[in-house]
Amino acid sequence: MTRRLGWVGLCAVLLAAGSGCRKGASEAPDAGAPDAGPAALNEQEPNDRPEQALSISGDAVVTAGLAADPSRADEDWYRLAPGSPRVADVSVSGIPGSDVTLGVFDRDRNPLVTVNGGGEGQGEHLPNLYVDGERWVRVAAARKGAGGAYRLQVSFRAPGDGEEREPNDRAADATPLLLGQAVAAYIGHAADEDWYRLELQPGAGDAGSGEPAAPAPAPAEATADAGGAAEANAPPAPAAPDPDEEARRAEEAAAQAAQAGGAAAVVLPGATPPPPPEPPGIALRIDLSAVPGVRPELTLLSAAEAPLFTTRGQEGQPLSLRNIGVRANDQVVYLVVKSAWSGTGKEAKRGANTDTPYTLSVTREPAGANAELEPNDALAKATPVQLPGPTGTAYKEGFLSPKGDVDTFVLHTQEPLRVRAELSGVERLDLMLSVVEPPATEGGSETVTLRANDGALKEPERLNDVTCQGACYFRVEGAPRKVEGKWVKDYENAEVPYRLTLTAAPDDGSYEREPNNTPERATPITIGKPLRGTVFPKKDTDFYRLDLSDRPVRTSLKVTLIGVLKVDVGLYLHRLGEDGKPQLVQTSDRAKGDAPESIRYSAEPGVYLLEVRDSKNRESNFQDPYQLSVEEEG
């Protein structure tokens, strides 16, 4: 009765997920009347070899026993032959003082799976063994000299739609899985592994979703070899092209691209062409329901079984993974679900549950090419952000899920750019936005050079005037909060995405270059050329370096800082000493709203630092820039 109720529960899971359950009144049982119940059978010794096995073709309960022979471990063989493809629920009761194992073999007697997670005195259970033709089952003691009476129970049912078929613990036996399809399965024993084969077609909609197919991205090989193929098939080039005519055509192409929205970068003569963009990857959503007593572990593998992504959940909790990245050239991937270790030392264990099935579904993320691609927690795995041209605006959407998730993005540039980064607010999340610098040496540590954490729950974060040349990295994560006296980063929202928007403009030298919050990172400033900057985020400090080392005599300076709304700007003049440390020589911080601040100073030859910040270190303004200028007085 327990197993039949378990199958009813599995049917309910499949029906809720949109899959069918074929067992019904229209199907005749294999043997016996519907109300007759399982056949009562007795073991027939000897049966310690497959040739002597007791054949079972319908539901049955077998009364049997293992001999306690000190010279060898006894084993009993059974043949499952239902006559048509069936799913068998097989269980063996425990034997006091003995550790029982349940082995399964194919029709050619090749070992398929061994279940031995119950321990001494406990039984073993395989709830969903797929039997196509016949299977051999072996009940044995784990060690010599142990034995006793046991009961083997077998029940058959028709295979259901959207159900795994055990054993499926390797790629060759993987259960096929379609995008948008829900599959039901069990973590039937501690060592159980469920493999699923997912075939991907770039741009195809999910199965049954009704989504239209999107254009497939060009293969990586086509992108990389486009130049060589064009060169091989093109007619001979005209000799000695006119440089002026070539430049004129390039300028016309650039103007046309700008009018079209900057869909592609145009390389002017003499400029270094940017590397071709990588084909967009595919972002997947993976949902795994909770199983009591099981800590889930999910791994995504390539067709070559190389690990692409691995995560572990909390015991008895579901997993909802967003924006799991699959490379554009990965047409086949494998998903592996198993039970992860929980506990430590002698208490460590891997849970199992033969009563409650899990459901697994994989769908394509709606953000498409604008989705982040997990895993991207490290700089080496950062999600690329591709601008529409040499400059412009691009965005990525991501999720903070599971708890403690960290997302990293990289912007590659060919020329110096000034970048504004904006991170949208999200329900239930207090987000933090940082600029991260890679390690300077191999084996070194990365450095957070700039961070915005002004907003609270649901509020956005911003960073202004970030200088970027080559590659710059941005990181999105949850802000720390105190829970029961401990600082944690446990924000999570797997349903509502954040949006990171990067807007890039040429670095023409008229703005500060963030990060410039330390003397070592000071933005250069020259006499007669004003610079603009913002006091943002809160407690932002901007340093500017004025080099007067080549001046033969003193220079009479007038430094002017035009203030901004909301911020009481302060202006501070430092001189670098011979030891390289700044020494404060003059201050102007009257803190009168947006009124200007100014310093007059007779500067000896040397290097000076100008410091701009909120004089009270409590306000900021991301929208209105201040202006700093240095003039030489007669």
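Below: a short report on this structure.

Thresholds applied
- Residues numbered from 1 in each chain as written.
- Predicted model: local features only at pLDDT ≥ 70, side-chain atom pairs only at ≥ 80, totals over all residues.
- Heavy atoms only, no water.
- Phe/Tyr/Trp six-rings, centres within 6.5 Å; stacked < 30°, edge-to-face > 60°.
- Helix = DSSP H or I, 4+ residues; strand = E, 2+ residues; numbered from the N terminus.
- Buried < 20%, exposed > 50% of the residue type's maximum accessible area, 1.4 Å probe, protein only.
- Lys NZ or Arg CZ within 6 Å of the ring centre and 35° of its normal.
- Pairing = 2+ DSSP bridges.
- Axes fitted to C-alpha atoms, helices over the stretch in contact; angles between N-to-C directions.
- Disulfide = S-S within 2.5 Å.
- Contact = heavy atoms within 4.5 Å.

Comments concerning the packing of aromatic side chains
Consideration 1: Considering all chains together, one arrives at four aromatic pairs under this definition.
Consideration 2: When the ring of Trp 77 is compared with that of Phe 105, the centres are 4.9 Å apart and the planes differ by 40°; the resulting orientation is tilted. Taken together, the positions of Trp 77 in strand β4 (residues 75-80) and Phe 105 in strand β6 (residues 100-105) put the pair 28 residues apart, joining distant regions of the chain.
Consideration 3: Since its relative accessible area comes to 6%, Trp 77 is described here as buried.
Consideration 4: Classification of Phe 105 by relative accessible area gives buried; the value is 9%.
Consideration 5: Ring centres of Tyr 601 and Tyr 608 lie 6.2 Å apart, and the angle between their planes is 65°; this geometry places the pair in the edge-to-face category.
Consideration 6: The partly exposed category is assigned to Tyr 601, whose relative accessible area is 23%.
Consideration 7: Of note, Arg 109 hangs over the ring of Trp 136, and the distance from its end group to the ring centre comes to 5.4 Å.

Comments concerning the pairing of strand β36 (residues 555-562)
Within a regular beta strand, the side chains point alternately toward one face of the sheet and then the other, so they alternate between its two faces.
Consideration 1: Relative to strand β39 (residues 597-603), β36 runs antiparallel, the two being bridged by seven bridges. Note on β39: the bridge partner recorded for Leu 557 is Tyr 601.
Consideration 2: Summarising the sheet, β36 and strand β41 (residues 626-632) pair through six bridges and their orientation is antiparallel. Note that in β41 the partner of Val 559 across the bridge is Val 630.

Section: the sheet that holds strand β21 (residues 353-364)
Consideration 1: With antiparallel pairing, the four strands of this open sheet are ordered in space as β12-β21-β14-β17. Strands with a single pairing partner mark the edges of an open sheet, and in this sheet they are β12 (182-187) and β17 (319-326). Sheet twist, expressed as the mean angle between neighbouring strand axes with direction ignored, is 25°.
Consideration 2: Bridge analysis of strand β14 (residues 282-288) against β21 gives five bridges, and the strand direction is antiparallel. The residue bridging Asp 287 from the neighbouring strand is Ser 361, located in β21.

Re the state of the cysteines
Consideration 1: Summed over the entire model, instances satisfying the criterion amount to one disulfide.
Consideration 2: Shown here is the disulfide that connects Cys 468 with Cys 472, its sulfur atoms set 2.2 Å apart. Across the disulfide from Cys 468 to Cys 472, rotation about the S-S bond amounts to roughly -95°, and the bridge is consequently left-handed.
Consideration 3: Take Cys 472: its relative accessible area is 6%, and that puts it in the buried class.

Regarding the sheet that holds β6
Two orientations exist for strands paired in a sheet by backbone hydrogen bonds: parallel and antiparallel.
Consideration 1: What the five strands build is an open sheet, ordered β2-β4-β9-β6-β7; its pairing is mixed. The two strands at the open ends of the sheet, each matched to only one other strand, are β2 (54-56) and β7 (111-115). Adjacent strand axes in the sheet meet at a mean angle of 25° when their direction is disregarded.

Digging into the environment of Leu 66
Consideration 1: Examined against the element boundaries, Leu 66 turns out to sit in strand β3 (residues 60-66).
Consideration 2: Between the alpha carbons of Leu 66 and Val 100 there is a distance of 9.5 Å; along the sequence they are 34 residues apart.
Consideration 3: With near-sequence residues (within four places) excluded, Leu 66 lies in contact with Asp 74, Glu 75, Asp 76, Ile 95, Val 139, Ala 140, Ala 141, Gly 147, Gly 148 and Tyr 150.

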